[in-house]
Amino acid sequence: MTQRPHTLGVAVIGTGRMGADHVRRIQEVISGARVTAVVDVDAERAKSVAARVDGCTVHTDPAAAMASADVDAVIVASPGPAHEAALLAAFEHDLPVLCEKPLTPDAASALRVLQAEQKLGRRRVQVGFMRRYDAEYMKLKSLLETGQLGRPLMLHNRHRNVASPPGWTSEMLINDSVTHEMDVTRWLLGHEITAVTVLAPTPSANAPDGIRDPQFVVFETDGGAIVDVEIYVNCGFGYQVQAEVVCERGTARVGDGHAMVTNAAGRWGGIIAQDYIERFADAYDREVQAWVDATRRDEVTGPSAWDGYAVAAVCEAAVRALEEGGRMRVELVERPALYA
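Source: prediction; values computed, not measured.

For this particular structure, what's the right way to read the overall build of the protein chain?
Counting secondary structure elements, the protein chain contains ten helices and 15 strands. Taking 340 residues into account, the globule formula puts the C-alpha radius of gyration at 20 Å, and the protein chain, at 20 Å, falls close to it. Counting every position in the protein chain, which comprises 340 residues, the buried fraction comes to 55%. Taking contacts inside the protein chain between residues at least 6 apart in sequence as the whole, the part at least 24 apart equals 74%. Carbon and sulfur atoms provide 52% of the accessible area of the protein chain, an area that totals close to 14900 Å². Counting 34 positive and 46 negative side-chain charges, the protein chain places the centres of these two groups 4 Å from one another.

Now the structure itself:
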């Protein structure tokens, strides 16, 4: 296997909020890598990000950046519809990729990526499901793996945002938010999701016109567990992500956010995070550091292209359930040996 250089040269594709944050993270927080190129269709935005990094080149074409001699790996943080082309270009250059979710926006294109990676004969993609790197979720996963609580029976999830961004739709609650709970469910329980039901109350007065918010999503798994997700993206008060697993001999819950509780002026309480970057800052740091460390060993670890494909298939079933009502089956191809 090819031994990667001591310091990994990374091209970051997409310099919006997430991409710019990854540039900052690589330059200021983690070790073993540096940003050597940034890519964005908005050249001026890319230039403004690159200006903060010595020796960083600017491109508007991902393939041009990948052809650079000082690029050893790629982070894809562009909008979802652009992911497939970027991933296939990375495969052509045999470059390892950390791809922000979604892998691609639909199951058909995700399957094409999966099949292209299989032809390489080894993994090249880690998908950015960063909750797997959150300290609380990692502890919960470790606890479940001991088996001391018995078999998981139910998993309750709450996912709340202060307000939805402009232009959001009812379907985006599933495709852009519940997608995390889809991956967390599969990872924590070790099950595939086999069916989805979506229920929605009368929309909150906080929700923009036309958006069905909140929603209540129910998963069934091939391990016999039932999972529910409350998704509420216009709660108004903060960003909250919580999960509780109910097992045969006990329960375990994460996400209460009670690291510090204050008592003053006749009140007690704490602080509620206001967005995902604040809540999961440590998780993003661990995720990127783990990816860099694995890449320097010429390995790919973490969530795979299969995980990205499976979540895309669950998203499609959930959107059908939202639009048509009722219970929708999740259709998956047979899991390839590469992702066993």
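For this particular structure, what's the right way to read the environment of alanine 317?
Positionally, alanine 317 belongs in helix α10 (residues 305-324). When the C-alpha atoms of alanine 317 and glycine 190 are compared, they prove to be 20 Å apart, with 127 residues separating the residues in sequence. The residues touching alanine 317, leaving out its near neighbours within four places in the chain, are Val196, Met328, Arg329 and Val330.

Which parts of the structure should I look at to understand the pattern of salt bridges?
Inspection of the entire model under this criterion finds 25 salt bridges. With a closest N to O distance of 3.8 Å, aspartate 94 and arginine 124 form a salt bridge. Here aspartate 94, found in the loop between α4 (83-92) and β5 (97-100), pairs with arginine 124, found in the loop between α5 (107-120) and β6 (125-128); they are 30 residues apart in sequence, far enough to count as distant. Relative accessible area serves as the criterion here: at 32%, aspartate 94 is assigned to the partly exposed category. The class for arginine 124 is buried, based on a relative accessible area of 1%. Note that arginine 160 and glutamate 230 form a salt bridge whose closest N and O atoms lie 2.8 Å from each other. Linking arginine 160 in strand β7 (residues 152-160) with glutamate 230 in strand β10 (residues 226-232), this pair joins segments that are 70 residues apart in sequence. Across the pair, glutamate 230 and arginine 160 agree in class, each one buried. Look at the salt bridges and you will find they share partners, linking Arg132, Asp183, Arg186, Glu192, Asp307 and Arg335 into a network.

So what exactly am I meant to see when it comes to the domain arrangement of the protein chain here?
Accessible area lost on assembly of the parts is the figure often given for the size of an interface. Per the domain assignment, the segments of the protein chain are domain 1 (8-129 + 282-303) and domain 2 (132-280 + 310-339). The C-alpha-based centres of domain 1 and domain 2 are spaced at 26 Å. Contacts between the two partners involve 26 residues from domain 1, matched on the other side by 22 residues from domain 2. Summed over both partners, the interface of domain 1 with domain 2 comes to about 2100 Å²; 64% of that surface belongs to carbon and sulfur atoms. Remark: the boundary between domain 1 and domain 2 carries zero salt bridges. Going through the elements one at a time, α1 (17-28), α5 and α9 (281-296) are the ones with two or more residues in the side of domain 1 that touches domain 2.

What should I look at first to understand the sheet that holds strand β1 (residues 8-13) in this one?
In sheet architecture, strand pairing relies on hydrogen bonds along the backbone and comes in two forms, parallel and antiparallel. Here six strands make up an open sheet; going across it, the order is β3-β2-β1-β4-β5-β6 and the pairing parallel. Lying at the two open borders of the sheet, with one neighbouring strand each, are β3 (57-59) and β6. Taken pair by pair, the neighbouring strands of this sheet meet at an average axis angle of 25°, ignoring direction. Pairing of strand β4 (residues 73-76) with β5, which is carried by three bridges, proceeds in the parallel orientation. Of the residues in β5, the one forming a bridge with isoleucine 75 is leucine 98.

When you look at the environment of alanine 46 in this model, what are you seeing that I'm missing?
One can find alanine 46 in helix α2 (residues 43-50). Each C-alpha atom, one on alanine 46 and one on glycine 302, is 28 Å from the other, the two residues being 256 residues apart in sequence. Those residues in contact with alanine 46 that lie beyond four places of it in its chain are Thr15, Val38, Asp40 and Val58.

The rules behind these values
Residues take numbers from 1 onward in each chain, read along the sequence in its written order. Local features in a predicted model are, by the rule used here, given only for residues with pLDDT of at least 70; side-chain atom pairs are given and counted only at 80 or more, and totals for whole chains, interfaces and linings are based on all residues. Hydrogens and water molecules were not included; the side-chain quantities draw on all heavy atoms of the structure. Only DSSP runs of H or I covering at least 4 residues are called helices, and only runs of E covering at least 2 are called strands; the numbering of each starts at the N terminus. The atom set for the radius of gyration is the C-alpha atoms, and the globule formula is 2.2 Å times the number of residues raised to the power 0.38. Only protein chains enter the accessibility calculation, which uses a 1.4 Å probe; a residue whose area is less than 20% of its type maximum is buried, one above 50% is exposed, and one in between is partly exposed. Whether two residues are in contact is decided by their heavy atoms: any pair within 4.5 Å suffices. Every accessible area reported is derived by Shrake-Rupley at a probe size of 1.4 Å, with residue values counting cover from the shown protein chains alone. The sign given to each residue is positive for Lys and Arg and negative for Asp and Glu; His and the chain ends receive no count. Just so you know, the charge point we use is NZ for Lys, CZ for Arg, CG for Asp and CD for Glu. By convention in these notes, a salt bridge is any Lys or Arg side-chain nitrogen within 4 Å of a carboxyl oxygen on Asp or Glu. Each domain span listed reflects an automatic or database assignment of domains. The quantity reported as buried area is the accessible area (1.4 Å probe) lost by two parts once they are put together, taken as the sum for both. The pairing criterion for strands is at least two bridges between them, as found by DSSP. To obtain an axis, a line is fitted to C-alpha atoms, over the contacting stretch when the element is a helix, and the angle between two such axes runs from 0 to 180 degrees between their N-to-C directions.

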